[in-house]
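Architecture at a glance
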Amino acid sequence: MRNIYLDHAASTPIHPEVAEEMLRVMQGQYGNASSIHAFGRAAKRTVNGARDILAASLHCRPDELVFTAGGTESDNLALFGVAAASKKKGRHIITTAVEHHAVLHACHRLEENGYKVTYLPVDTHGWVDPNQVKEAITDETILISVMYANNEVGTVEPIVEIGEIAREHGIVFHVDAVQAFGSLEISCVDLPVDLMSFSAHKVNGPQGIGALYVHRNIALEPLLYGGLQERKRRAGTENLAGITGFAKAAELTVSRLRDKQAEDEQIRHHFLAALERYVGKEHFVLNGHPTSRLAHIVNVSFPEVGTETMLMNLDMEGIAVASGSACTSGSLEPSHVLEAMKVPENVLRSAIRFSFGLGNTNEEMEYAAKKVGTILDRIRSGK
Ligand SMILES: *Cc1c(COP(=O)(O)O)cnc(C)c1O
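Residues numbered from 1 in each chain as written. Predicted model: local features only at pLDDT ≥ 70, side-chain atom pairs only at ≥ 80, totals over all residues. Heavy atoms only, no water.

1. A few points about the sheet that holds strand 9 (residues 285–287)
Selection criterion: Strand pairing follows a simple DSSP-based rule, namely that at least 2 bridges must link the two strands. Secondary structure elements follow DSSP: runs of H or I no shorter than four residues count as helices, runs of E no shorter than two count as strands, and numbering proceeds from the N terminus. Between N-to-C directions, angles span 0 to 180 degrees; the directions come from axes that are lines fitted to C-alpha atoms, helices contributing only their stretch in contact.
Taken together, the 3 strands give an open sheet; going across it, the order is 9-10-12, and neighbouring strands pair in antiparallel fashion. Whereas interior strands pair on both sides, the edge strands pair on one side only; in this sheet they are strand 9 and strand 12 (351–355). Each strand of the sheet is rotated relative to its neighbour by a mean of 35°, with strand direction disregarded. Of the pairings in the sheet, the one linking strand 10 (residues 297–301) to strand 12 comprises 5 bridges and is antiparallel in character. Counterpart to Val300 in the pairing with strand 12 is Ile352.

In structure tokens:
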């Protein structure tokens, strides 16, 4: 049986050069970066070197980066950190209905803590209207959090326009760029953004390491208390191997960006053409935005077959896909993103996310599309 991984939006394979760098650090370094002896100083140099590389990749200052344990922690640190630091100014937060659960569930928690949260609606393409952001602002608004690109349907949000609105009103703006990084060019200094979340394992780096960009003027309360690491913004001994791997992955990501964008567009085109051939245009619906989108995510519904059935049948053929976000798969809950997009019920209940990246080939996409066709035929004939 074949093994075809089409779930790169959930996690990606580690690039061999990343693994190599990590192994070198794991085998050679074990000092604590806070220790003053030679082993500690070597570890500190490793952390600082990686921070410089990541800062160069994201176009920010090294001291504006906080290493975290991943995208989830970065989102939580941004939301709880800004909320706590600004609570004297106000307690209103604006976000969207299509954010990752790391943002949405943190917002639910903040509501329990006495904050008021506005969850902006989206259009049928999953796109947030900047005018609605403007209209939602009150004297109490302290934070706006909107994702750069959606991880389920790939829609790219108008974060420049939203950021400019936030600037005009003097409101802190956080962007979850976890899914966008690796597909879009990202420059912290050029974007009207104050905080931005990143995660290594979405860009062919290791799981469990991420970063939060925090503009130097932004006040932030930490989530964790302990040592003085990360300029008191994130206590805990640094994840040396993870940080090294993240920096290497970011460097490779930025250097390959143009090629990857072209490859993704090409593979996407190939896949959609293959779906038309093997499934037929009239038997599937594309979810997401037609133009403002990431190339590597194809969210598509086959209304004749429920999500779980299709996902399990593809899995039996060795093809790994998702039902939306990693957190929603495994449960039968329909996607909150597609719900917010108000797609018809049969589209909502039959959505599959194909996401591709490093290592995938046209031939694999062809094979996957063909298998979808076979599965549909089999189900139609009741076998
Ligand atoms: C994957 C993802 C996260 C969570 O990142 P982890 O490193 O897995 O915790 C947050 N936001 C978006 C948009 C993501 O795609």
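The discussion continues.
2. Examining the side chain of Ser145
What counts, and what does not: Between buried and exposed lies partly exposed: a residue is buried under 20% and exposed over 50% of the maximum accessible area for its type, with that area taken using a 1.4 Å probe on protein chains only. Polar contact is the term for a pair of N or O atoms within 3.5 Å; when the atoms are in protein, one must be able to donate a hydrogen and the other to accept it, and sequence-neighboring residues count only if both atoms are side-chain atoms. Any two residues having at least one pair of non-hydrogen atoms within 4.5 Å are treated as being in contact.
With respect to the helices and strands, Ser145 occurs in strand 5 (residues 141–145). Since its relative accessible area comes to 0%, Ser145 is described here as buried. Within the structure, the side chain of Ser145 is placed 2.8 Å from the side chain of His174, a separation counted as a polar contact. Residues in contact with Ser145, not counting those within four places in the same chain, are Leu79, Ile94, Thr95, Thr96, Glu99, Val103 and His174.

3. Some words on the packing of helix 8 (residues 240–278) against helix 12 (residues 362–380)
Applied cut-off: Roughly parallel means an angle under 35 degrees; roughly antiparallel means over 145; roughly perpendicular covers 65 to 115; every other angle is labelled oblique. Each crossing is labelled by how the near helix is turned from the far one, with a counterclockwise turn of less than a right angle marking it left-handed and a clockwise turn marking it right-handed. Think of it as three bins: nonpolar holds Ala, Val, Leu, Ile, Met, Phe, Trp, Tyr, Cys and Pro, charged holds Asp, Glu, Lys and Arg, and polar takes everything else, Gly as well.
One can describe the packing of helix 8 onto helix 12 by two numbers: an axis separation of 8 Å at closest approach and a directional angle of 30°. Looking at the two axes, helix 8 sits roughly parallel to helix 12. Where helix 8 crosses over helix 12, the two elements pack in a sense that is right-handed. For the pair helix 8 and helix 12, contact is made by Gln266, Ile267, His270, Phe271, Ala274, Leu275, Arg277 and Tyr278 and by Asn362, Met365, Glu366, Ala368, Ala369, Lys370, Val372 and Gly373, respectively. The class makeup of the residues in the contact of helix 8 with helix 12 is 9 nonpolar, 4 polar and 3 charged.

4. Digging into the environment of Ala50
Within the element layout of this structure, Ala50 appears in helix 2 (residues 38–58). Judged by its relative accessible area of 6%, Ala50 is buried. When the C-alpha atoms of Ala50 and Ser199 are compared, they prove to be 14 Å apart, with 149 residues separating the residues in sequence.

5. Some thoughts on unusual backbone geometry
Positioned with a positive phi, Asn204 is a non-glycine residue whose angle comes to about 65°. In this structure, Asn204 sits in the loop between strand 7 (195–199) and strand 8 (210–214). For Asn204, a relative accessible area of 9% gives the class buried.

6. Let's talk about the environment of Tyr225
Inspection of the secondary structure puts Tyr225 in the loop between strand 8 and helix 7 (229–232). Residue class for Tyr225 comes out exposed when judged on its relative accessible area of 65%. Separated by 162 residues in sequence, Tyr225 and Asp63 have C-alpha atoms that sit 19 Å apart.

7. So, the domain arrangement of the protein
Put simply, the test is: Where each domain begins and ends is defined by an automated method or by a domain database. Here the quantity called buried area is the total loss of accessible area, with a 1.4 Å probe, experienced by two parts when brought into contact, counted for both. Take a side-chain nitrogen of Lys or Arg and a carboxyl oxygen of Asp or Glu: if they are within 4 Å of each other, that pair is a salt bridge.
By domain assignment, the protein separates into domain 1 (4–12 + 257–381) and domain 2 (16–255). Taken together, the contacts link 30 residues of domain 1 with 35 residues of domain 2. Overall, the association of domain 1 and domain 2 removes approximately 2,700 Å² of surface from exposure, summing both partners, and the carbon and sulfur fraction of that is 52%. The tally of links between domain 1 and domain 2 comes to 1 salt bridge. Across the pair Glu185 and Arg258 runs a salt bridge whose closest N-O atoms are separated by 2.7 Å.

8. Focus on the site of the ligand
Spelled out, the test is: The criterion for a residue being near a molecule or strand is simple. One of its heavy atoms has to lie within 4 Å of it. The accessible surface values rely on the Shrake-Rupley method and a 1.4 Å probe; as for residues, cover is taken only from the protein chains in view.
Taken together, 13 residues are adjacent to the ligand, and Gly71, Thr72, Asp176, Ser199 and Lys202 come closest. Asp176 places a polar side-chain atom, nitrogen or oxygen, 2.6 Å from a nitrogen atom of the ligand. Between the ligand and the protein, one listed contact pairs an oxygen atom with a side-chain N or O atom of His201 at 2.8 Å. Burial of the ligand by the protein amounts to 89% of the accessible area it has alone, namely 380 Å². Looking at which element gives the most residues to the shell around the ligand, the answer is helix 3 (residues 71–85), with 3 residues.

9. A few points about the sheet that holds strand 3 (residues 92–96)
Read across the sheet, 7 strands follow the order 2-8-7-6-5-3-4 without closing on themselves; strand pairing throughout is mixed. At either end of the open sheet lies a strand with only one pairing partner, and these are strand 2 (65–68) and strand 4 (116–120). For this sheet the average axis-to-axis angle between neighbouring strands, irrespective of direction, equals 20°. Examined bridge by bridge, strand 7 and strand 8 share 5 bridges and lie antiparallel to one another. Along strand 8, the bridge assignment pairs Ser199 with Gly210. Along the sheet, helix 6 (residues 159–168) makes contact with strand 5 and strand 6 (172–176), crossing strand 6 at roughly 160°.

10. Here we look at the pattern of salt bridges
Following the criterion strictly, the structure yields 20 salt bridges and no others. The partner of Arg380 in a salt bridge is Glu304, and the shortest N-O contact between them spans 2.5 Å. One end of the pair, Arg380, is in helix 12; the other, Glu304, is in the loop between strand 10 and helix 9 (307–316), and 76 residues separate them in sequence.

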